[in-house]
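Structure at a glance
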Amino acid sequence: MYVIRKIIGKMIKIQNSIIFSTSVLLVLISSYLISVVENETFPTVFDGFWWVMTTVTTVGYGDYSPITLGGRLIAIFLYIFGIGLIGVVIGKVVDGLASFRRKKEAGDIMYKEQGHYIIIGWSKKASFAIKEMLDTTNDIEIVVIDDLEKAPVLSENIHYIRGNASETVTLEKANIHKAQSVLVFADDMIEDDQLTDGKTLLIASAIESIAPEVHTIVEVMDEEHLKNFTYMNVDEFIISTETVSSLFVRSAFRKGISSVYNQLLRRTHGEDLFYIPSSSKWRTYRDAFEELLDHGATLVADGDDLSINRKLTNPLPEQAQLYVICDKHTIEKIKNNIYN
């Protein structure tokens, strides 16, 4: 037993590729030999393969067993070396899976897919954002970047990268060049808005320096700091404190106005704001406005231009980014009737 333990101990240190290759060769050669040496008991190579697999995995169904001296010598060899070798292989597979899970939880695995969304900075707001994104479309891939010791959330399509988001190596680990968008949330742990926005600015500058082509949205705590972000060519800003305060005040003066905002901001509740591709048959804004209205949707904006109702006679630009207000059933009906 001491010798066997020493052999198995040395086998564990051998490279995985050699262990796996040796295991496959052992199984195939043994299957062939047993079918040649004891052809009456094992008439085909597959019968031999079946017996070898049940032997080295210690299942031992007993439906086949060697009766000749040569067959039994092969069996003894498998008992001594084959079972130990396959045990090492199974152990390495299990250990590899466990190691992969540990690394995934620790955020130590590089993300290699593309078309994903990156969320920087874990917080309650980030958690709600992920829920909203999955409610919008459940087949998207999301990568969370933070410096937490363990992944705050993990699932089949939610991944975690641990590191400093202002460092190039961390952003590249999240494959930022192939990302669809990056959402940078303000650090809730910092009480000073100036320091919070300073950290966000540092992250935004790192993103724009290595991946300026990626659409970047950042949360800014103080509107006065926006001018600092404009130099970074950040695509969009969310003014956190200003937005909340404005909603509170408007709700105080106009009771119920918050429900209007909630409907526009939440896809699971009431009317919503949807993007609509431009149709080739629309020549002016009026063409688009009237046809969409006939289907139950109201055209409200072209990109960030909310003055559609005052320019209905204007030609519709080829690159128009049209947005409508309607419910989910209506938007599906529009897609089926207008674009098909």
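Structural data are supplied above this passage.
The sections below set out a description of the structure shown in this document.

Parameters at a glance
- Residues numbered from 1 in each chain as written.
- Predicted model: local features only at pLDDT ≥ 70, side-chain atom pairs only at ≥ 80, totals over all residues.
- Heavy atoms only, no water.
- Pairing = 2+ DSSP bridges.
- Helix = DSSP H or I, 4+ residues; strand = E, 2+ residues; numbered from the N terminus.
- Axes fitted to C-alpha atoms, helices over the stretch in contact; angles between N-to-C directions.
- Contact = heavy atoms within 4.5 Å.
- Salt bridge = Lys/Arg side-chain N within 4 Å of Asp/Glu carboxyl O.
- Expected span 1.5 Å × (residues − 1).
- Buried < 20%, exposed > 50% of the residue type's maximum accessible area, 1.4 Å probe, protein only.
- Phe/Tyr/Trp six-rings, centres within 6.5 Å; stacked < 30°, edge-to-face > 60°.

**Digging into the sheet that holds strand β8 (residues 298–302)**
Read across the sheet, three strands follow the order β7-β9-β8 without closing on themselves; strand pairing throughout is antiparallel. With one partner strand each, in any of the chains shown, β7 (272–276) and β8 form the two edges of the open sheet. Going across the sheet, the axis of each strand differs from the next one's by a mean of 35°, ignoring polarity. Pairing of β8 with strand β9 (residues 322–326) involves four bridges; the strand directions are antiparallel. Residue Asp302 lies in a different strand from β9, and its bridge partner there is Leu322. Helix-sheet contacts for helix α11 (residues 285–294) involve β7, β8 and β9, and the interaxial angle to β8 is about 145°.

**A word on the pattern of salt bridges**
Following the criterion strictly, the structure yields eight salt bridges and no others. Among the salt bridges present, the one from Asp108 reaches Lys173, with a minimum N-O distance of 2.9 Å. Remark: Lys173 occurs in helix α6 (residues 168–173) and Asp108 occurs in the loop between α4 (69–105) and β1 (117–120); sequence separation between them is 65 residues. Between Glu291 and Lys281 there is a salt bridge, and its shortest N-O distance comes to 3.1 Å. Placement of the pair is Glu291 in helix α11 and Lys281 in the loop between β7 and α11, with a sequence separation of 10 residues. Shared partners join several salt bridges into a network, and the residues in it are Lys125, Asp188 and Glu219.

**Observations regarding helix α3 (residues 45–56)**
Taking 1.5 Å per residue as the helical rise, α3 with its 12 residues ought to reach 16 Å, and the 16 Å between its terminal C-alpha atoms agrees with that figure. Within the sequence span of α3, burial applies to Asp47, Gly48, Trp51, Val52, Thr54, Thr55 and Val56. The inward-facing, buried residues of α3 contact α2 (16–37) and α4. Of the residues flanking the end of α3, it is Thr58, one or two places downstream, whose phi is positive at about 60°.

**So, the packing of aromatic side chains**
Throughout the structure, instances matching the rule amount to four aromatic pairs. When the centroid spacing of 5.4 Å and the interplanar angle of 50° are considered together, the rings of Phe42 and Trp51 count as tilted. Neither Phe42 nor Trp51 differs from the other in exposure class; each is buried. Both rings, one in Phe77 and one in Phe81, keep their centres 5.1 Å apart while their planes meet at 40°; by these two values the pair is tilted. Placement of the pair is Phe77 and Phe81 together in helix α4, with a separation of four residues, close to one helical turn. Look at Phe77 and you get partly exposed, because its relative accessible area is 40%.

Function cannot be read off these values alone, since they describe shape.
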